[in-house]
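# Per-entry structural report
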Protein chains: 2
Amino acid sequence: MNKIKVAVDAMGGDFAPLNDVSGAVIAAEEKRDSLEIILVGKEKLISEELNKHKINLGNLSVVNATEVITMNDSPTDSLKTKSDSSISVGINLVKDKKADAFISAGNTGAVMTASILRLGRIKGVGRPTIGSLFPTDKGRTMVFDVGASVDCKPNHLLEFGVMGSIYMKYVYGIDKPKVGLLNVGEEKSKGDNLTLEAYDLLEKSNLNFVGNVEGRDVLRGRADIIVCDGFVGNVILKFAESVLDVMKSKFRTYSEKGFLQKIWVGMMYGTLKNVVLKDFDYQEYGGVPLLGVNGITIIGHGKSSPIAIKNMIYKAEEMIRKEVNSKISEELSV
Amino acid sequence: MNKIKVAVDAMGGDFAPLNDVSGAVIAAEEKRDSLEIILVGKEKLISEELNKHKINLGNLSVVNATEVITMNDSPTDSLKTKSDSSISVGINLVKDKKADAFISAGNTGAVMTASILRLGRIKGVGRPTIGSLFPTDKGRTMVFDVGASVDCKPNHLLEFGVMGSIYMKYVYGIDKPKVGLLNVGEEKSKGDNLTLEAYDLLEKSNLNFVGNVEGRDVLRGRADIIVCDGFVGNVILKFAESVLDVMKSKFRTYSEKGFLQKIWVGMMYGTLKNVVLKDFDYQEYGGVPLLGVNGITIIGHGKSSPIAIKNMIYKAEEMIRKEVNSKISEELSV
């Protein structure tokens, strides 16, 4: 089996370089024969972390990058001012064919912008898209787009459906994934100008289109893929992420009311976490793909654990082995 | 004090006519001197309910309407085919000045459509808007619009800010309510075409504009009012409502696993309800106003309790006494 080269942003996320390096080490160890991992970032910091692992991995190397784009940096500005950042250097490795994919738990906007500007779009793709997983009764649904493309035209929503279907088929093994159109009502006649026209395009396509889905259906598993303008998807994703934070903070406030409350919340918390909160914990999902660019980019949550980093690496490998980008190009460049 | 006449849809909601009539009776009894309540719906059913209350209220009357628009009826179709529905008759009472306001826990789309078509818009208003309350750390924030107007132009979002500010000031007593623009980033440069232009208009207005707010800020009380296109607001409202349902269903599934689980969930549920779930229970809020139409319409959740119905009646009274519609007209017709 030919080795897949994955560049890993060692400076990405809230726990860099610790979690990034740990995740990379686990992946390199588990897949000595099929993966080559390139850690990108401040060489000295990465070496210190690597030394802790006391393991010699021939398929793990380091590429130095002297700067770091933080979570608070402006994506476009920082790509200009910090030209030797781990994100910049990592994406250039993909651009120069020195790596097959780049994964990062760093500044989402910067990774996205660098990928779109440097790697360019796959032939036939009008707008790239980022998908995000939401938990449902039946498993998971992936919403495209959650922020890569706003002011979409109807054909862009169709493209999201095509790219999303290919991704869910080859990376998640879902045959004929169900595609829903996010809308304000179930009937075909409902919607704004964008969704009314997109409905027609989706209906005529060879996708497994299941019609309109509403905000209340996102968590109900009525579709494997839900397509929408990146403005709506971004608002709903950030809203969903905040629900868990708000709940946790309410429990904290309650437990601070007294000793008994503290014990009681402690007792409940285990069950709560397993029954409800876990599904809403967006940190657990690992990365999400940026689809439509000429190269593979997977973006992870800032709080990604080592296992999340490892899973992002494996997802990138899967996308390359299954030739997801060629399939997108075949489908859309006609 | 002159009496305010409020028409109440006795057939609206999942518990009609029980909750509608009970709420109306409480309001009529508490405000014998200031309110006149007109129950609209099937006379026989209403009388049967009224008889149970064994109370004689001179300020409570009934207007017969032989048909009922159900929650599943198409708003536009049902207004044509069911011309003697409680919604149709109730809105006509307002149109013919026989009532000052109409409140309903029935089919939201039908109440909205009937109000907009029959009552018309206030002079100066381009698009009417429905607001919906969301719980926050600091109290409540009201999102305008959640479904009355899609494909908005920038000036419509400004109008929502103006109408919302007047409503929050006079009905909720918030002086200079903070107005946020729902967007995909905090910076002024973020957004789609609509929000980029709306930002400028809001910034130049005399509203207390606090800038962009993101999906994650909705539950965080950064603004008293959040303005957005009705498409986005509708999706986020329905998503938010579904979160509670999903959590409840997860607890139910867990408690069905065995006897101990059932007892344990029962023990936790009281705390859970008071600490977290209550705030997310959108049924508890009573009604939301449709602003911008020539008349007062308050729309309630289908599961509205008698107290919610009573609160809707009082909110309608408040809007009339504070002359909210005249203030909207003064502000927008310049």
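Since the model is a prediction, treat every value here as computed from it, not as a measurement.

Take the packing of aromatic side chains next. Tallied over the entire structure, the rule returns seven aromatic pairs over all chains. With a centroid separation of 6.0 Å and 55° between ring planes, the pair formed by Tyr167 of chain B and Tyr172 of chain B is classed as tilted. Taken together, the aromatic side chains of Phe134 and Phe239 of chain A together with Phe134 and Phe239 of chain B make up a single cluster linked through ring pairs. Of note, Lys31 of chain B hangs over the ring of Tyr314 of chain B, and the distance from its end group to the ring centre comes to 4.3 Å. Positioned above the aromatic ring of Tyr170 of chain B is the side chain of Lys327 of chain B, whose terminal nitrogen or guanidinium carbon lies 4.2 Å from the ring centre.

Here we take up the pattern of salt bridges. Residue and element names in this part refer to chain A. Taken as a whole and assessed by the stated rule, the structure comprises 30 salt bridges over all chains. The partner of Glu317 in a salt bridge is Arg321, and the shortest N-O contact between them spans 3.0 Å. A residue pair is termed a helical-turn pair when its members lie 3 or 4 positions apart in one helix, as Glu317 and Arg321 do in helix H10 (residues 306–321) at four residues. For Glu317, a relative accessible area of 5% puts it in the buried group.

Residue and element names in this part refer to chain A. A surface patch of nonpolar side chains, about 330 Å² in accessible area, is lined by Phe259, Ile263 and Met267. Looking at the element boundaries, Ile263 is found in helix H9 (residues 259–280). For Ile263, a relative accessible area of 40% gives the class partly exposed.

Moving on to the interface of chain B and chain A. Chain B puts 42 residues into the contact, and the matching count from chain A is 42 residues. Both faces considered, chain B and chain A share a buried interface measuring about 4,400 Å² in area, 74% of it formed by carbon and sulfur atoms. There are two salt bridges connecting chain B and chain A. Between Glu214 of chain A and Lys238 of chain B there is a salt bridge, with the nearest N and O atoms lying 2.4 Å from each other. In this assembly, chain B and chain A are joined by six residue pairs in polar contact (both at pLDDT 80 or more).

Residue and element names in this part refer to chain B. By the element assignment, Ala28 lies in helix H1 (residues 18–30). Using a relative accessible area of 0% as the deciding quantity, one classes Ala28 as buried. Taking the C-alpha atoms as reference, Ala28 lies 27 Å from Lys327; in sequence the two are 299 residues apart. Leaving out residues up to four positions away in the same chain, Ala28 has contacts with Ile37, Leu57, Asn59 and Leu60.

Residue and element names in this part refer to chain A. Buried residues dominate helix H4 (residues 86–95), accounting for eight of its ten residues. For H4, the set of buried residues is Ser86, Ile87, Ser88, Val89, Gly90, Ile91, Leu93 and Val94. Looking at the residues trailing H4, positive phi occurs at Lys97, about 60°.

Calculation criteria
Residues numbered from 1 in each chain as written. Chains lettered and ligands numbered in written order. Predicted model: local features only at pLDDT ≥ 70, side-chain atom pairs only at ≥ 80, totals over all residues. Heavy atoms only, no water. Phe/Tyr/Trp six-rings, centres within 6.5 Å; stacked < 30°, edge-to-face > 60°. Lys NZ or Arg CZ within 6 Å of the ring centre and 35° of its normal. Salt bridge = Lys/Arg side-chain N within 4 Å of Asp/Glu carboxyl O. Helix = DSSP H or I, 4+ residues; strand = E, 2+ residues; numbered from the N terminus. Buried < 20%, exposed > 50% of the residue type's maximum accessible area, 1.4 Å probe, protein only. Patch = residues over 30% accessible without salt bridge, like charges linked within 9 Å, V, L, I, M, F, W, Y side chains within 5 Å. Areas by Shrake-Rupley, 256 points an atom, 1.4 Å probe, with all protein chains shown as cover. Contact = heavy atoms within 4.5 Å. Buried area = accessible area lost by both parts, 1.4 Å probe. Polar contact = N/O pair within 3.5 Å; in protein donor to acceptor, adjacent residues only side chain to side chain.

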